[in-house]
Amino acid sequence: MLELPTSHRVPVSWLRIHGSGPLKWRTLKDILPAGSASPDEYATLQTDAVQSKQTQQVLRKQRKSGLWGENVLGLAANKTLGYKDIGTIAQYRRLTELGVPHEDRVFRLADRFLFRLLSRDDSPDLLAEYKSAAKGNPELVIWARDQFREGAAAALAQAGMIEDPRVRGAAHRIASRVSHFLRSEVAERPLLRRASRNVLDPEAYPPTTLSVALIACMPSLQRERAGFVERLTAYLALPAPKKQYVIAIGRKVIQPTYQLLGNPLEADRSGMPKDLPLALHWIEVLVRLGSLHTNETAVKILLRLLADRDRNGVWSPKSLRSLPKSKSRLADFMFPLEQDGKTLERRQADVTFRLALIAKAAGWRLEFV
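Thresholds applied
Throughout this document, residue positions are counted from 1 along each chain, in the order its sequence is written. Reporting in this predicted model follows two pLDDT cut-offs: at least 70 for local features of residues, and 80 or more for side-chain atom pairs to be given and counted; totals over whole chains, interfaces and linings ignore these cut-offs and use all residues. Side-chain metrics in this entry use all non-hydrogen atoms of the structure; hydrogen atoms and water are not considered. Helix numbers and strand numbers start at the N terminus; a helix is a DSSP run of H or I with at least 4 residues, a strand a run of E with at least 2. Within these notes, the globule rule equals 2.2 Å times the number of residues to the 0.38 power, and the radius of gyration is based on C-alpha atoms. A contact between two residues is defined here by any heavy atoms of the two lying within 4.5 Å. Values of accessible area rely on a 1.4 Å probe in the Shrake-Rupley scheme; residue burial ignores everything except the protein chains shown. As used throughout, the charge tally considers Lys and Arg to be positive and Asp and Glu to be negative, leaving His and the chain termini uncounted. Just so you know, the charge point we use is NZ for Lys, CZ for Arg, CG for Asp and CD for Glu. Classification of ring pairs uses Phe, Tyr and Trp, with its six-membered ring standing for Trp, and accepts pairs whose centres are within 6.5 Å; under 30 degrees between planes counts as stacked, over 60 as edge-to-face, and the remaining range as tilted. Accessibility here uses a 1.4 Å probe with only protein chains present; expressed as a share of the type maximum, an area under 20% marks a residue as buried, one over 50% as exposed, and anything in between as partly exposed. Here, over-ring charges are defined by two tests on the NZ atom of lysine or the CZ atom of arginine: distance to the ring centre within 6 Å, and angle to the ring normal within 35 degrees. Only strands joined by at least two bridges in the DSSP assignment are considered to pair. The axes are straight lines fitted to the C-alpha atoms, using for helices just the contacting stretch, and the angles between their N-to-C directions are given from 0 to 180°. Working rule for angles: under 35 degrees goes down as roughly parallel, over 145 as roughly antiparallel, 65 to 115 as roughly perpendicular, anything else as oblique. Rotating anticlockwise by less than a right angle from the far helix to the near helix defines a left-handed crossing, while the corresponding clockwise rotation defines a right-handed one. Only Asp, Glu, Lys and Arg are considered charged in this grouping, and only Ala, Val, Leu, Ile, Met, Phe, Trp, Tyr, Cys and Pro are considered nonpolar; every other residue, Gly among them, is considered polar. Here, a salt bridge means any side-chain nitrogen of Lys or Arg that lies within 4 Å of a carboxyl oxygen of Asp or Glu. As defined here, a cavity is a set of points on a 1 Å grid over the protein atoms alone where a 1.4 Å probe fits but cannot get out. A pocket is an open set with protein on both sides within 12 Å along at least five of seven lines, and residues line them when an atom is within 4 Å of a point. Grid points are joined across faces, edges and corners, and a volume is the space filled by probe spheres set on the points.

## Section: the overall build of the protein
Thought 1: When helices and strands are tallied, the protein shows 14 helices and 6 strands.
Thought 2: In terms of overall dimensions, the protein is globule-like: its C-alpha atoms have a radius of gyration of 20 Å, near the 21 Å expected for 369 residues.
Thought 3: Summarising its shape, the C-alpha atoms of the protein cover approximately 60 × 50 × 40 Å along the three principal directions.
Thought 4: When contacts within the protein are restricted to residue pairs at least 6 apart in sequence, those whose partners lie at least 24 apart make up 69%.
Thought 5: Surface exposure of the protein reaches about 17,500 Å², of which carbon and sulfur atoms provide 49%.
Thought 6: Taken as two groups, the 57 positive and 39 negative side-chain charges of the protein have centres that lie 4 Å from each other.

Next up, the structure:
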């Protein structure tokens, strides 16, 4: 296994000049030591983040119901599935990433809906994008509610509600089901061949990017279920199947989006990830699980990104002509927090901030410049 550093230089002055409002606020709130700014500066930077274009675009799209896009799990507009816009879980998590305080009214509206998902409320209205397709398909109802609960629990945990008994209860139930899958024979061969396509075994309950992110947000659960976390991260370090597959639920066939059958990261020989935003998100998740060392691909990618920094810690790769984008869109909720990629510095800012955040989460010694 490649050796990781134990220290990191954080270009605070550079980020304060070139970062967007949300990046400046997150740097102060999540990376710098407490008391690094006056109360007035804290308030000003938080206000700037809330009033930024990125944040306001999300706020304007929320419906009175608390939902976004009239769907829960959508990552983008999709006419086939009936998504008119990005869904509630992704938008909720984006607001958290943008630094909007959880006390804000926008979260209160969404929380009511998310907690109803956790409460096992059987109202058809909670089926959102699957409401029509679920008619006469009880299997789809069960599957959709399970997926929605994972998303709701992950979003609420990321917003800081990790000690709420409803979130903790949901997290333990999800962990138990994933643990059962990991211990079963199905985990070794999760795909079945039916007719002319590969189908996920109906007995499979694999981890998802949502369930893993949920567990990463909950240190107490990790301590209580250390053996499960070890099995989970070992599974997530395995090569994922190359075969394309679908999820067949009753008469409905669904393309997998969040499901994980192994390592979601891919990189070229030099360590450059094929999906940079997803790689940054996943490395942070692994760090918060205390398991970065278990995933050689993640370590290789992180070392390559760190090698592309300049002497002050600014990410400075060659030929950076545009903001990196996620092919999977699984990390769009957190990257970029900068909208304007017209200048080189703006294109560098997000990754520069993320590397510092990863270093802080990993417990490395930070040098502020």
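Read on, since the account is not over.
## Describing the packing of aromatic side chains
Thought 1: A complete count under the given rule lists 5 aromatic pairs for this structure.
Thought 2: Note on Y92 and F107: the rings are 4.8 Å apart at their centroids and 70° apart in plane angle, and the pair reads as edge-to-face. With a gap of 15 residues between them, Y92 in helix α5 (residues 88-97) and F107 in helix α6 (residues 105-118) connect regions that are remote in the sequence.
Thought 3: In this structure Y92 comes out as buried when scored by relative accessible area, which is 0%.
Thought 4: Here Y130 and W143 contribute two aromatic rings whose centre-to-centre distance is 5.8 Å and whose plane-to-plane angle is 90°, an arrangement assigned as edge-to-face. Taken together, the residues Y130 in the loop between α6 and α7 (138-158) and W143 in helix α7 connect sequence positions 13 residues apart.
Thought 5: You can call W143 buried: its relative accessible area is 17%.
Thought 6: A network of ring pairs unites the aromatic residues Y130, W143 and F148 as a single cluster.
Thought 7: Above the ring of F115, the side-chain terminus of R166 is found at 3.7 Å from the ring centroid.

## Focus: the pairing of strand β2 (residues 191-194)
Thought 1: In this structure, β2 lies alongside strand β3 (residues 197-200), joined through 4 bridges in antiparallel fashion. Following the sheet pairing, R193 is matched in β3 by N198.

## As for the packing of helix α4 (residues 53-60) against α5
Thought 1: Contact pair α4 / α5: the axes reach a minimum separation of 10 Å and the direction vectors enclose 150°. Taken together, the axes of α4 and α5 are roughly antiparallel relative to one another. Of the two possible hands of crossing, α4 and α5 adopt the one that is left-handed. Between α4, through Q54, T55, V58 and L59, and α5, the contact on the second element is made entirely by Q91, R94 and L95.
Thought 2: Among the residues making up the contact of α4 with α5, the classes are represented as 3 nonpolar, 3 polar and 1 charged.

## Quick look at the pattern of salt bridges
Thought 1: Taken as a whole and assessed by the stated rule, the structure comprises 20 salt bridges.
Thought 2: With a closest N to O distance of 3.0 Å, K29 and D30 form a salt bridge.
Thought 3: Taking relative accessible area as the criterion, K29 reaches 40% and is therefore assigned partly exposed.
Thought 4: With relative accessibility at 21%, the residue D30 sits in the partly exposed group.
Thought 5: A salt bridge links E284 to R288, with the shortest nitrogen-to-oxygen separation between them at 3.1 Å. Here E284 and its partner R288 are both found in helix α12 (residues 276-288), 4 residues apart, which amounts to about one turn of the helix.

## Re the environment of W25
Thought 1: The residue W25 is located in helix α2 (residues 21-31) in this model.
Thought 2: C-alpha separation for the pair W25 and E129, spaced 104 residues apart in sequence, amounts to 34 Å.
Thought 3: For W25, the contacting residues outside a window of four places in its chain are Y42, L45, Q46, A49, L98 and G99.

## So, the layout of surface pockets
Thought 1: Taken as a whole, the largest pocket encloses approximately 1,300 Å³ of empty space.
Thought 2: The wall of the largest pocket is formed by 48 residues, among which P256, T257, Q259, S328 and L330 lie closest to the centre.
Thought 3: Counting only elements with at least two residues in the lining of the largest pocket, the list comes to α7, β5 (252-254), α12 and α13 (296-307).
Thought 4: When residues in the lining of the largest pocket are grouped by element, the largest group, 3 residues, is from β5.
Thought 5: Partitioned by chemical class, the residues of the lining of the largest pocket number 28 nonpolar, 12 polar and 8 charged.
Thought 6: Taken together, 32 residues line the second largest pocket, and the ones lying closest to its centre are T96, Q158, C217, E284 and R288.
Thought 7: Counting residues per element, the ones that place at least two in the lining of the second largest pocket are α2, α5, α7, α9 (209-216), α12 and α14 (344-362).
Thought 8: Counted by class, the lining of the second largest pocket contains 16 nonpolar, 7 polar and 9 charged residues.

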